[in-house]
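Working through the structure, step by step
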Amino acid sequence: GAEVRLAVRAALAAGMRHIDCSTSYRNESDVGFVLGEALANGMLKRNELFVTSKLDTAEHNRVADACTSSLRALQLDRIDLYLIE
């Protein structure tokens, strides 16, 4: 929610560029909202970010769909590191 968005904005403003997400954290949509804003307004470029997300254990049988859902929520065309939980 609002707290996640505020925290991500503050992290980006402070120079953080490694973003760690997971569907199990339930933060990808809020993180994606802020990343989308920052990329759209020129605050940063995609190649300046390193985004990690994770495949939830409940989704091991649907890896491609889960990854696509994360990409959509994060408003990105790629995830730099996709881990299996």
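These lines cover the structure that appears in this document, whether it is placed above or below.

Definitions and cut-offs
- Residues numbered from 1 in each chain as written.
- Predicted model: local features only at pLDDT ≥ 70, side-chain atom pairs only at ≥ 80, totals over all residues.
- Heavy atoms only, no water.
- Helix = DSSP H or I, 4+ residues; strand = E, 2+ residues; numbered from the N terminus.
- Buried < 20%, exposed > 50% of the residue type's maximum accessible area, 1.4 Å probe, protein only.
- Polar contact = N/O pair within 3.5 Å; in protein donor to acceptor, adjacent residues only side chain to side chain.
- Contact = heavy atoms within 4.5 Å.
- Core = buried A, V, L, I, M, F, W, Y, C linked by side-chain atoms within 4.5 Å.
- Pairing = 2+ DSSP bridges.
- Right-handed = clockwise from strand over helix to strand, strands pointing away.

Details of the side chain of Ser-22
If you trace the backbone, Ser-22 turns up in the loop between β1 (18-20) and α2 (28-40). Looking at Ser-22, the relative accessible area reads 0%, which means it is buried. Within the structure, the side chain of Ser-22 is placed 2.8 Å from the side chain of Ser-24, a separation counted as a polar contact. The residues touching Ser-22, leaving out its near neighbours within four places in the chain, are Asn-27, Glu-28, Ser-53, Lys-54 and Glu-85.

Considering the nonpolar core
Inside soluble globular proteins, nonpolar side chains tend to come together where they are buried. Residues Leu-12, Ile-19, Val-31, Leu-35, Leu-49, Val-51 and Leu-74 are the most contacted members of the largest nonpolar core, which totals 15 residues. Listing elements by their share of this core, those giving two or more residues are α1 (2-13), α2 and α3 (63-74). Counting residues per element, this core draws most heavily on α2, which supplies four residues. Apart from the residues within four sequence positions on either side, Leu-74 is in contact with Cys-21, Glu-28, Val-31, Gly-32, Leu-35, Val-51 and Ile-79.

A look at the pairing of strand β2 (residues 50-55)
The buried count for β2 comes to five of six residues, which makes it a mostly enclosed element. The pairing of β1 with β2 spans three bridges and is parallel. By the bridge assignment for β2, Ile-19 is matched with Val-51. Read from β1 through α2 to β2, the crossover connection turns out right-handed. As paired elements, β2 and strand β3 (residues 81-84) share four bridges and run parallel to each other. Within β3, the position partnered with Leu-55 by the bridge is Ile-84. The parallel pair β2 and β3 is bridged by α3, and the resulting crossover is right-handed.

Read these as geometric descriptors, not functional statements.
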